[in-house]
Structures are given as structure tokens and as C-alpha cells.
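As a plain string of letters, each chain reads:
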Amino acid sequence: MISRRRLLAAAPVLAAAGAAPAAAQSPPTLRGTGDLGVIIERAAGSVLIVETTGRSLVGRVEGLGDMSHASVVFSRDERFAYVFGRDGGLTRIDMLETRVVRRVVQGGNAIGGAISDDGKLVAVSNYEPGGVRIFDSLTLELVADIPAVAANGATSKTVGLVDIPGRSFVYALYDPGEIWRVHVPESGAPVVTKLPGIGKLPYDGNVTSDGRHYFAGLFGEDGVVHVDLWREPLQAERVLSGYGRGEAPLPVYKMPHLEGWGATQGQLFLPAVGRDELLVIDNATLKEVGRVALQGQPVFAVARPDGRHVWVNYAHPKNGVVEVVDTQSLKVVKRLEPGPAVLHLEFTPRGHEVWVSVRDADTVIVYDTATFAEKARLPALKPSGIFFTARAHLIGR
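Analysis parameters
Residues numbered from 1 in each chain as written. Predicted model: local features only at pLDDT ≥ 70, side-chain atom pairs only at ≥ 80, totals over all residues. Heavy atoms only, no water. Salt bridge = Lys/Arg side-chain N within 4 Å of Asp/Glu carboxyl O. Helix = DSSP H or I, 4+ residues; strand = E, 2+ residues; numbered from the N terminus. Buried < 20%, exposed > 50% of the residue type's maximum accessible area, 1.4 Å probe, protein only. Contact = heavy atoms within 4.5 Å. Polar contact = N/O pair within 3.5 Å; in protein donor to acceptor, adjacent residues only side chain to side chain. Phe/Tyr/Trp six-rings, centres within 6.5 Å; stacked < 30°, edge-to-face > 60°. Lys NZ or Arg CZ within 6 Å of the ring centre and 35° of its normal. Pairing = 2+ DSSP bridges. Axes fitted to C-alpha atoms, helices over the stretch in contact; angles between N-to-C directions. Core = buried A, V, L, I, M, F, W, Y, C linked by side-chain atoms within 4.5 Å.

S.K.: Would you explain the pattern of salt bridges in this entry?
M.R.: Pairing between side chains of opposite charge can happen when the charged atoms of each approach one another. Inspection of the entire model under this criterion finds 23 salt bridges. A salt bridge links Arg212 to Asp228; the nearest nitrogen and oxygen atoms lie 2.9 Å apart. With Arg212 in the loop between β16 (202-207) and β17 (213-218) and Asp228 in strand β18 (residues 224-228), this residue pair connects regions lying 16 residues apart in the sequence. Among the residues examined, Arg212 registers a relative accessible area of 27% and is labelled partly exposed. Judged by its relative accessible area of 6%, Asp228 is buried. Between Glu337 and Arg335 there is a salt bridge, with its nearest N and O atoms 3.3 Å apart. For Glu337, a relative accessible area of 61% translates into the label exposed.

In C-alpha cells form, the structure reads like this:
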């Protein structure tokens, strides 16, 4: 039997295994990771490590490059954050030690990433040079490079990258309008399934929480593309075709994000491109069952974990407002004005609070989701994306 003394003595060695040699430092404070999170400091090239129980800052990690469209996924043990920078940077951060473990610049212009269900693979979606690159999550060594070469031979940006069960990923090719599924076996070459001709300019995508239904929003036309990932052979079908038919198109101030759609027990709440409304889809029939009139063009529509409300932020020039939509009545029931340039919202794991980044006020505001009262403010340098470690255990997040 290993004695407690020997186990404690070995702990620093075990924690450092696989990491690059570093100067001697004090071991991290013993704590759990389930209430940790990362806030992107957009202009500073840094992230804040935070904890949601006490609503406090744990530390800052700097030197991460261009964070203008950065996103984050987490290891299965919730200790490590993988930060995807706009400059192609992929960084593995130890949140307990608030330090960079490893960083690679894998492309020239990246647009997010995903982590496989077994936690062993990290995939990055690229604008330049296009395609998807897949890395070992421990070493960040390249495992697979999958160029986005369309059926017509042209290369493309890739968007809407998500993980699905079985060491697999799904994403869209923006320029030619295709959706690809990639399976990465533990041995052997990746297996790619391609769906060409799905529609004009898919700009983003997301998958339902069971990993079954992938949706890609179209920028080049009104409509959303759906793929049932449980039905073989895969087929792309159009849903919500022509939702703005007969109406004059509005200028698009900022592309909405399907990553933040509002998914409730029976419905999906999707931001409509260039329109001041949410589209409501029945999960079973994939038919439109309603719309929610809003004060501006929505960017993120994020459901509280219990599905009772959907919180919405907006594109410029109305981006200082957050509205709360009741999912039963399909009406706005609360309007908040956190400050200039609200960029992102993230709920605590069980939804009792929501953290809201207000870029031009250099602050993050925490609200009580039952009373809508402000609970705390945390200083941050031009904050944008907020990501909590509960995402480590959710498909597509």
C-alpha cells in the first residue's frame, strides 16, 4: 500500500509529468476545477482565469496572440483550457497553475476549434490556409491535416466546427457550400464523408446536445441546412427555407452565432440573419413554430440550462442591451442595459447566474437569473468570450 506521505511527496512530480521544464515554483493551491472558467481579454492577448463560486479572479495568462475571435474548450478533467486564437495560435493552459503549458501557431487565420469525446484530439478550423488540423491534446503534435478542397477543386475556409461522438468532428466549407464529417480512428487515416451543394455560404454551425442533429446557417440565402448524423448515408436537407421571403433584406451588422443558439426541451431558438427576430424550430418536426420580435439583430441566443429563458445580445449599433425571452410565451420579459458592446454571455452550470462581458466598459457583470439583479462586477481588459469548465462534459461545446 502507498502511504499518504509518499503519495503527497509524489504529487508535484505527477502534476508536472509531460510538461516542459520550468523554474521551481510553489505547487498550486489544492482546489476543484468544476467552477473555473476563462474570460478572453480581446485586445490584450490574454485570458483571465476565474471561479464562479466566489465570483473572483484567479489569475491572468498573457502572450496568447490575437484574441479577436478567440474561443476555448476544456480537457475532460477540467484542468486544462485550449485557446484558439484568430492568428492561428493553439495554446494549452494549466488553469490551476495559471500558465501556458504549450503553444503552437498552426495556421494564419483560425476560427475556433473542438475537442474529441475522449479528450485526446483537438481540432482547429482555419480560414487561412483553410481546412481543419487535428492535434494530440497532450503534446499539440499534429495528428491529421485535412485540406478543405471542394468538389470543384477550390480551397475553402472552414466554419462551424463541432465535436460529435466517436472521435469525430463536423464542419462546413464556407466558399463552395459543403458539410464534412471526419472520423479519426485510433489507428489509420481519418475517414471523411462529404456533402456537397448544401447551399450558399454556410457561415456557422452547431450540433444538438445529443450529437444527432447538425445545423448550418446560410449567409448567401435565407435558410438553414440540417443533417441527421444518425441516419446513413448522410443527407443534407433544407429547413426554414425563405424565412424572409417577400421582405426587403436588411443590412447585416454582425454575423449571428449558431454556437450560442437557445436549445430548450422541445425547441431551438435561432438568430435570424439580418433580421430583428429569433426563429423558433420544433425539435421533432424541424418546422418553424414561431418567431420572437426583438429590439435589434441578435448575435447570441443562449438558453438558461433549464430552458425557461433565452438571453439575447445584439449587433452594433444596439449592442448595449440584453433581452430575456420567455420560452413559453415567446415574448421578451426583461430588458437589461449592461453597457457598451455586450459581446458574450455564459451561464453557471445550473443556471443560477449569468456572466456578461461588456467590452467597452472593461468589465464582466454577473446577474442573478431569477431576480435579474446585478451580483458582481469583475474588471477585464476588453472582455469578449466567457467559457466555463462545465463545457468539458457537453457535446458540441
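Now that the structure has been shown, we can carry on.
S.K.: Any chance you could explain the environment of Asp117 here in plain terms?
M.R.: Examined against the element boundaries, Asp117 turns out to sit in the loop between β8 (109-115) and β9 (121-128). Taking relative accessible area as the criterion, Asp117 reaches 38% and is therefore assigned partly exposed. Sequence-wise, Asp117 and Ser75 are 42 residues apart; in three dimensions their C-alpha atoms are separated by 9.8 Å. Those residues in contact with Asp117 that lie beyond four places of it in its chain are Arg76, Ile164, Pro165, Gly166 and Arg167. Among the polar contacts listed, one links the side chain of Asp117 to the backbone nitrogen of Gly166, at a separation of 2.6 Å. A distance of 3.1 Å separates the side chain of Asp117 from the backbone nitrogen of Arg167, its partner in a polar contact.

S.K.: Explanation requested: the packing of aromatic side chains in the structure shown.
M.R.: The geometry of an aromatic ring pair is captured by the separation of the ring centres together with the interplanar angle, meaning the angle of the planes. Summed over the entire model, instances satisfying the criterion amount to five aromatic pairs. Ring centres 6.0 Å apart and planes at 90° place the aromatic pair Trp311 and Phe347 in the edge-to-face group. Separated by 36 residues along the polypeptide, Trp311 in strand β25 (residues 309-314) and Phe347 in strand β28 (residues 342-347) bring together distant segments of the chain. No difference in accessibility class separates Trp311 from Phe347, as the two residues are buried. A ring pair is formed by Trp311 and Phe372, whose centres lie 5.9 Å apart and whose planes are at 45°; its orientation type is tilted. In this pair, Trp311 is assigned in strand β25 and Phe372 in the loop between β30 (363-368) and β31 (374-379), connecting sequence segments 61 residues apart. Each member of the pair, Trp311 together with Phe372, is buried. By the ring-pair criterion, three or more aromatic residues cluster together here, those being Trp311, Phe347, Tyr367 and Phe372. Residue placement shows Arg92 over the ring face of Phe80; its charged tip is 3.8 Å from the ring centre. A cation over an aromatic ring shows up here: Lys157 above the ring of Tyr127, its NZ or CZ 4.9 Å from the ring centre.

S.K.: When you look at the sheet that holds strand β4 (residues 71-74) in this model, what are you seeing that I'm missing?
M.R.: Strand-to-strand pairing in sheets goes through backbone hydrogen bonds, with the strands running parallel or antiparallel. The sheet built from four strands is open, its strands ordered β4-β5-β6-β7 with antiparallel pairing. Looking at the sheet topology across the chains shown, the edges are occupied by β4 and β7 (99-105). Strand-to-strand, the axes of this sheet are offset by a mean angle of 20°, without reference to chain direction.

S.K.: Help me out: how do you make sense of the nonpolar core in this one?
M.R.: Most often, soluble globular proteins have nonpolar side chains that are buried together. In this structure, Val170, Ile179, Tyr214, Val227 and Leu229 are the most contacted members of the largest nonpolar core, which totals 19 residues. Beyond its immediate chain neighbours, meaning those up to four positions away, Ile179 contacts Val170, Tyr171, Ala172, Thr193, Lys194, Leu195, Ile198, Tyr214, Ala216, Val225 and Val227.

S.K.: Explain the environment of Phe300 to me, please; I cannot follow it from the model alone.
M.R.: As for its position among the elements, Phe300 is in strand β24 (residues 298-303). Accessibility expressed as a relative area gives 7% for Phe300, which makes it buried. In the structure, Phe300 is positioned 39 residues away from Trp261 in sequence and 6.5 Å away in space, judged by C-alpha atoms.

S.K.: Looking at this model, I keep getting lost on the sheet that holds strand β10 (residues 132-136). Mind explaining?
M.R.: The antiparallel open sheet is built from four strands, whose spatial order is β8-β9-β10-β11. Every other strand in the sheet has two partners, leaving β8 and β11 (142-146) as the edge strands with one partner each. Between one strand and the next, the sheet's axes are offset by a mean angle of 20°, whatever the strand orientation. Pairing of β10 with β11, which is carried by four bridges, proceeds in the antiparallel orientation.

S.K.: Just to check I follow, could you spell out unusual backbone geometry for this structure?
M.R.: Both trends apply: most residues other than glycine have a negative phi, and most peptide bonds are in trans. Residues Glu128 and Pro129 are joined by a peptide bond in cis, for which omega reads 10°. The omega torsion of the bond from Glu232 to Pro233 falls at -10°, within 30 degrees of zero and hence cis. Position of Pro233 relative to the elements: it lies in the loop between β18 and β19 (236-239). If you check the backbone angles, Glu78 has positive phi at about 70° while not being a glycine. As for its placement among the helices and strands, Glu78 is situated in the loop between β4 and β5 (80-84). A positive phi angle, near 65°, is found at Phe372, a position not held by glycine.

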